[in-house]
Amino acid sequence: MRYKSQYHLAMSRLLTATLIAAGISVAGAVQAAENLRFAHVYETSEPFHKWALWAADEIEERTDGRYTMEVYAASSLGKEEDINEGLGLGTVDVIYTGTQFAGRGYGPIGIAGAAYMFRDFDHWQAFADSDLFQEIARGYQDATGNVPLTLNYYGERHVTSNTPINTPEDMSGLKIRVPNAPMYMMMPNAVGANPTPIAFDEVYLALQQGVVDAQENPLPTIRAKAFHEVQDYINLTGHITDSLITIVGGPRWNQLSEEDQEIFREVFQEAAENNTQDILQAEAELVAWFEEQGNTINEVDRDIFREAVVPAHNGNVATWDQETYDRLQAIGQ
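The following refers to the structure shown. Here the structure is a predicted model, which is why all the values come from computation and not from measurement.

### Here we look at the overall build of the protein chain
Per the secondary structure count, the protein chain includes 14 helices and nine strands. Radius of gyration (C-alpha) of the protein chain: 21 Å, near the 20 Å computed for a compact globule of 333 residues. Viewed in the frame of its principal axes, the protein chain has a C-alpha envelope of about 75 × 45 × 30 Å. Classification of the 333 residues of the protein chain by burial places 54% in the buried group. Side chains of the protein chain carry 21 positive and 49 negative charges; the gap between the two charge centres is 5 Å.

Encoded structure:
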């Protein structure tokens, strides 16, 4: 799947062919662009894709054409596990990925994906801007060779279902789809549900056919993937204040000059800020939209869900130490 940055690559190739036909040295006349692959699992209708395309154009412009970038959406280069692996192999150059998936390479970075780890959006934003996140990002880079550049706000994750969920007991035995990463299972396990990993692009069909009873995602994702068409209730559990990390693969990063590394950091930071604002706006508008579609928006007492989950924060599934946890909880207080 190729998008508008491919046009620039085609023009560059046309110019090169023209120069060769004219007997002009290409090396002396034009430096061939390096073409990068940016892979993610989200729909082309979502802000993440829009700002990935924007980043591709900005990088080409700010590097004076040294780099172009193609954006591959909707799992077209593989599932989330695949594109994470591709970073180190050099088969992809840039990805969006959940902190829970990144946590497979370096445990502490997964802390941002744990249920009820953040008090609210402001706490999340303070962490994204913190020295603690930068330290964790450097730890991930040392462990994997890949470079996390920034956090993008993904939204508060809520449970959708065909029966109302008001208390943790209402989730007992509920077969709920979760992404295939342990942190996503923390809340379901804490309330006695049955977390069932299913690939993102297979969830709609799994819900429609009754393979699972429920799923959990932010409101913009529920709309983009049309999960509301096959689920009656949107239960506002807000159990994860979730993030996507923009990561550049080590093989590519190490080829960049210091000047170009700084350009990449600046561009992807700006893209993340724009993603975050778009998701916040969508969250503010979508409750009314879902109600217009006939869904029931179910407000829940999040405190009772939080009480059920917090004991697991430093339990057997934790991939961070107590000091990291305490520092994160102290941010913004």
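So much for the structure itself; the text now carries on.
### Concerning the pattern of salt bridges
Applying the stated rule across the entire model yields 13 salt bridges. Of the charged contacts in the structure, one is a salt bridge between Arg66 and Asp260, with a shortest N-O distance of 2.5 Å. Residue Arg66 is located in the loop between α3 (47–62) and β2 (67–72), and its partner Asp260 is located in helix α12 (residues 258–293); the two are separated by 194 residues in the primary sequence. Glu135 is the salt-bridge partner of Arg327, the closest N and O atoms lying 2.9 Å from each other. Note that Arg327 is positioned in helix α14 (residues 322–330) and Glu135 in helix α7 (residues 131–144), a separation of 192 residues in sequence. Linked by salt bridges that have partners in common, Glu34, Asp93 and Arg252 make up one network.

### What to know about the pairing of strand β8 (residues 233–248)
Most of β8 sits out of view: 15 of its 16 residues are buried. The sheet contact formed by strand β3 (residues 94–98) and β8 spans five bridges and is antiparallel. Along β8, the bridge assignment pairs Val94 with Val248. Sheet topology note: the strand β4 (residues 147–161)/β8 ladder contains twelve bridges and is antiparallel. The residue bridging Tyr153 from the neighbouring strand is Ser243, located in β8. The pairing of β8 with strand β9 (residues 296–299) spans four bridges and is classified as parallel. In the strand pairing of β9, Ile234 is matched with Ile297.

### Thoughts on the nonpolar core
One finds Phe127, Met171 and Phe268 to be the most contacted residues of the largest nonpolar core, which totals 95 residues. When residues of this core are assigned to their parent elements, the largest contribution, nine residues, is made by α12. Beyond its immediate sequence surroundings of up to four residues, Phe127 is in contact with Ala112, Phe118, Leu132, Phe133, Ile136, Leu151, Leu328 and Ile331.

### A look at the packing of α7 against α14
With their axes 10 Å apart at the nearest point, α7 and α14 run at an angle of 145° to one another. Taken together, the residues of α14 that come into contact with α7 (itself represented by Leu132, Glu135 and Ile136) are Thr324, Arg327 and Leu328. Among the residues making up the contact of α7 with α14, the classes are represented as three nonpolar, one polar and two charged.

Rules behind the numbers
Residues numbered from 1 in each chain as written. Predicted model: local features only at pLDDT ≥ 70, side-chain atom pairs only at ≥ 80, totals over all residues. Heavy atoms only, no water. Helix = DSSP H or I, 4+ residues; strand = E, 2+ residues; numbered from the N terminus. Rg over C-alpha atoms; globule rule 2.2 N^0.38 Å. Buried < 20%, exposed > 50% of the residue type's maximum accessible area, 1.4 Å probe, protein only. Lys, Arg positive; Asp, Glu negative; His and termini not counted. Charge placed at Lys NZ, Arg CZ, Asp CG, Glu CD. Salt bridge = Lys/Arg side-chain N within 4 Å of Asp/Glu carboxyl O. Pairing = 2+ DSSP bridges. Core = buried A, V, L, I, M, F, W, Y, C linked by side-chain atoms within 4.5 Å. Contact = heavy atoms within 4.5 Å. Axes fitted to C-alpha atoms, helices over the stretch in contact; angles between N-to-C directions. Nonpolar A, V, L, I, M, F, W, Y, C, P; charged D, E, K, R; others polar.

So yeah, pure geometry; function would need other evidence.
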